[in-house]
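Structure assessment
Residues per chain are reported as follows:
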There are 2 protein chains.
Amino acid sequence: MRELKVDLGDRSYPIYIGEGLLAEASLYFDKHSISKKSPVLIISDATVAGTYLLPLQQQLESAGYRVATAVVPAGESSKSLQQLQELVTVALEAGLDRKSTIVALGGGVVGDLAGFAAAAYMRGIRFVQIPTTILAHDSSVGGKVAVNHPLAKNIIGAFHQPELVLYDLNTLQTLPPREVRAGLAEVVKHGLIWDETFVQWCVAHAEKLLSLEPEALGYALYNGCSVKAEVVSRDEKENDLRAILNLGHTIGHAIEAVAGYNEILHGEAIAIGMIGSARLGVQLGAPQEVYTVTKQVLEACGLPTRLPAHYDVDAIMEAMMHDKKFQEGSMVFVVPTAIGTVQIRSDVQASMVRDIVEQLKRED
Amino acid sequence: MRELKVDLGDRSYPIYIGEGLLAEASLYFDKHSISKKSPVLIISDATVAGTYLLPLQQQLESAGYRVATAVVPAGESSKSLQQLQELVTVALEAGLDRKSTIVALGGGVVGDLAGFAAAAYMRGIRFVQIPTTILAHDSSVGGKVAVNHPLAKNIIGAFHQPELVLYDLNTLQTLPPREVRAGLAEVVKHGLIWDETFVQWCVAHAEKLLSLEPEALGYALYNGCSVKAEVVSRDEKENDLRAILNLGHTIGHAIEAVAGYNEILHGEAIAIGMIGSARLGVQLGAPQEVYTVTKQVLEACGLPTRLPAHYDVDAIMEAMMHDKKFQEGSMVFVVPTAIGTVQIRSDVQASMVRDIVEQLKRED
């Protein structure tokens, strides 16, 4: 079992990564003084709940916790204010009070939704994350929680740090292969922005990661979380440094915005976005290997590196203009300068980005 | 012009109280470096907007601010997640970004709603309060913002401090007399929990307050805000001390919950609640003057001190059980021990409270 501390002063918390943690969840709850008098609400989605909700509920109840549950539909559409309203109904009917805890059992969608529910319910109650996807290693660090608005993703939210994160590697074994690959995109991203050695390790161990070999997976998640924790602890509220975590996301989010429902996964979109950023980096003076290594590691993880031809470049550019990473009208872009190092540039012209997006459709 | 600092470390902010501040709002915005590049969104309600929105908008625009506006229906029903969703639509369409500011122009409802919008939009943008009621002096200090859920008031919210509060006494001149009286209830409450001298001053100056004499009104609001600022600066997140601000609110909220629409105003309900708390205090050993002076000052301000006979005591008790001030099932009550001093008791039996509520219907 690996333990990582996210260092945020009096909001610091640990991430536990290992096999079989779900079966002893109550030990961790006890350790962190989760209240047994006030009800705990576990929020999960229909996919995850079928396998993991009842065992977790029973394990906690057998240890004396009062447990209520809520299951939301799987998928991004659950990240809505309507769903939040329904969860608050459940919380009120279950008698959750100020000492209660909300537990997110699931991937990024459940983490974001349940986290915002915990942030807003009674102006903030305690929150535990139990991620069940590789992708969620990213959202489990840093306390960013949110729901969507029909016009923009993650636009209504908060910074709300969990009490602890329980990362049970066993829950990842049932992930569909495509989700595994997409999840690795954020792992790779953490290497690309911070740690060249880890990028090389990912290239060398990609096969083990794809086959969910627990030791490699635990190491990769620990490293991915470590990079994010380091960045977030230096800049909790995204004033400056934290923006480097958006490598590949400006183009990636725009691709997601114009894609049809379930056509592309977040990790796939940001993989393409990271290729775009690498091309941009080279164009702005970074060595050619920034592009070749980025492509190498993404391909090793089975991730797409080209934009499918049917995507409309105008629509992608239009979507980019609505991204909340635009400050006062100027275009902010995270650009690699070497493998493991990025810079934030605010001088990137839209026309240059447009050329890059065009290039993403072509063979290099 | 009076200026009061709410002392909350790096979230400290000033409250400016005086006549004619709205006409020079841009000077205060400039002083606090509100962004002129990013759009400002003024949120108001239909009642207030008619008189004050356009002048404020024009004043800010003439000073170079980019201003968008949103007008919500007057009344508590606007404090909903649905309304929040609509405001976010307006914010997105107006191009609000992370450096933007939301301005609340109105009473407590607008302050709570606009404040929560500012807290949640892009996970938190800047916020300016321009209260236009006496009651809002209370909500303008402390950063508590929230919307309602059909099952509970203020249950979905945040702590989000404003950058500044602009309290223009001229905007209070158009308040209906009943709103003036109800607003004074929270002013009086701040005296009752903290400052006996101020309670005596309120008794002596009640007529001037009721006739909205600017010097008396400014002094009363300054003192009311000062008490609240002092309490909040010692306990921002309501861990302990801040709970004393709930004097009269446990019974008051329950009365509001069972009242018909617009039947009773918040200030009227908590006036009755404070009478209940005073009775409870005397019953628990406080001197009789706790009751007589509480009654005297509330009557001087034209506030009700008896519960109308048609209110159902069972329904009030039931509503009290849903109040979010209940922790882990036990009943927490703010009880005066002298004029200007209260204590938080967690040992108050429901049967005792029931007797008090019954008594509230009777002449003493």
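Structure: above.
Our subject in this report is the structure included herewith. (Residues numbered from 1 in each chain as written. Chains lettered and ligands numbered in written order. Predicted model: local features only at pLDDT ≥ 70, side-chain atom pairs only at ≥ 80, totals over all residues. Heavy atoms only, no water.)

**Quick notes on helix α8 (residues 214-234) of chain A**
Using the following cut-off: In this description a helix means any DSSP run of H or I spanning at least four residues, a strand means any run of E spanning at least two, and both kinds are numbered starting from the N terminus. Take the residue count of a helix, subtract one, and multiply by 1.5 Å to get its expected span. Polar contact criterion, stated in full: a pair of N or O atoms within 3.5 Å, where within protein one must be able to donate a hydrogen and the other to accept it, and residues adjacent in sequence count only if both atoms are side-chain atoms.
The terminal C-alpha atoms of α8 of chain A, which comprises 21 residues, lie 30 Å apart, in line with the 30 Å expected from a rise of 1.5 Å per residue. In this structure Glu213 of chain A caps α8 of chain A, since a side-chain oxygen of it lies 3.1 Å from the backbone nitrogen of Glu215 of chain A.

**Some points on the pattern of salt bridges**
This is how the line gets drawn: Basic side-chain nitrogens of Lys or Arg form a salt bridge, by our definition, when they fall within 4 Å of a carboxyl oxygen of Asp or Glu. Exposed residues in this analysis have more than 50% of their type's maximum accessible area, buried residues have under 20%, and partly exposed residues fall in between, with area computed by a 1.4 Å probe over protein chains only.
What the rule picks out here adds up to 36 salt bridges over all chains. Note that Lys79 of chain A is salt-bridged to Asp112 of chain A, the shortest N-O span being 2.7 Å. A residue pair is termed long-range when its members are at least 10 positions apart, and Lys79 of chain A in the loop between β4 (67-72) and α3 (81-93) and Asp112 of chain A in helix α4 (residues 108-120) qualify at 33 residues. The burial state of Lys79 of chain A is the same as that of Asp112 of chain A; both residues are buried. Of the charged contacts in the structure, one is a salt bridge between Glu186 of chain B and Lys189 of chain B, with a shortest N-O distance of 2.8 Å. One end of the pair, Glu186 of chain B, and the other, Lys189 of chain B, are both in helix α6 (residues 177-194), three residues apart, so they sit about a helical turn from each other. The buried category is assigned to Lys189 of chain B, whose relative accessible area is 1%. Through salt bridges with shared partners, a single network forms among Glu76, Lys79, Asp112, Lys153 and Glu256 of chain A.

**Focus on the environment of Val227 of chain A**
Residue and element names in this part refer to chain A. For clarity, the threshold we go by: Here, two residues are considered to be in contact whenever any of their heavy atoms come within 4.5 Å of each other.
Structurally, the position occupied by Val227 is in helix α8. Assessed through its relative accessible area of 5%, Val227 is described here as buried. C-alpha separation for the pair Val227 and Lys37, spaced 190 residues apart in sequence, amounts to 36 Å. Sequence-distant contacts of Val227, that is, excluding residues within four places in its chain, are made with His190, Ile193 and Trp194.

**Here we look at the interface of chain A and chain B**
Just so we agree on the cut-off: What counts as buried area is the accessible surface, traced by a 1.4 Å probe, that two parts surrender upon association, with contributions from both included.
Contacts between the two partners involve 39 residues from chain A, matched on the other side by 39 residues from chain B. Of the roughly 3500 Å² buried at the junction of chain A and chain B (both faces included), carbon and sulfur atoms supply 57%. Counting across the chain A and chain B interface gives zero salt bridges. In this structure, the connection of chain A to chain B is made through ten residue pairs in polar contact (both at pLDDT 80 or more). Listing elements by their share of the side of chain A that touches chain B, those giving two or more residues are α3, α4, β7 (144-149) and β8 (152-159) of chain A. Among the elements that take part in the side of chain A that touches chain B, α3 of chain A stands out by supplying eight residues, more than any other.

**A look at the relation of the copies chain A and chain B**
Put simply, the rule is: The least-squares superposition of copies is restricted to C-alpha atoms, and to residues with a pLDDT of at least 70 in both copies.
Expressed as a screw operation, the relation of chain A to chain B combines 0.0 Å of axial shift with a rotation of 180°, fitting to an RMSD of 0.0 Å. Overall, the copies show the geometry of a two-fold rotation axis. No C-alpha of chain A lies nearer the rotation axis than that of Leu81 of chain A, which sits 3.3 Å from it.

**Quick notes on the sheet that holds β4 of chain A**
Residue and element names in this part refer to chain A. Note the threshold: A pair of strands is considered paired only if DSSP assigns at least 2 bridges between the two. With axes taken as lines fitted to C-alpha atoms, and helix axes fitted only over the stretch in contact, angles between N-to-C directions fall between 0 and 180 degrees.
Here seven strands make up an open sheet; going across it, the order is β1-β2-β9-β6-β5-β3-β4 and the pairing mixed. Sheet topology places β1 (2-6) and β4 at the edges, where each strand pairs with a single neighbour. Taking each pair of neighbouring strands and ignoring which way they run, the sheet shows an average axis angle of 15°. Two elements, strand β3 (residues 40-45) and β4, share six bridges in a ladder whose sense is parallel. Opposite Leu41, over in β4, you have Ala68 as the bridge partner. Along the sheet, α4 makes contact with β3, β4, β5 (101-106) and β6 (126-131), crossing β5 at roughly 170°. Those strands touched by α8 are β1, β2 (13-18) and β9 (164-168), and its axis lies near 10° from that of β1.

**Observations concerning the packing of aromatic side chains**
Residues and elements named next belong to chain A. Stated precisely, the cut-off is as follows: Here is the rule: rings of Phe, Tyr and Trp (six-membered ring for Trp) pair when centre to centre is within 6.5 Å. Planes less than 30 degrees apart are stacked, more than 60 are edge-to-face, and the remainder are tilted.
All told, the structure shown has ten aromatic pairs over all chains when counted by the stated rule. Their ring planes at 80° and their centres at 5.7 Å tell us that Phe29 and Tyr65 sit as a pair that is edge-to-face. Of this pair, Phe29 sits in helix α1 (residues 25-31) while Tyr65 sits in the loop between α2 (46-62) and β4, placing them 36 residues apart in sequence. Since its relative accessible area comes to 4%, Tyr65 is described here as buried. Their ring planes at 65° and their centres at 6.4 Å tell us that Phe198 and Tyr219 sit as a pair that is edge-to-face. With Phe198 in helix α7 (residues 196-210) and Tyr219 in helix α8, the pair connects residues that are 21 residues apart, well separated along the chain. For Phe198, a relative accessible area of 3% translates into the label buried. Grouped by ring-pair contacts, the aromatic residues Phe198, Trp201 and Tyr219 constitute a single cluster.

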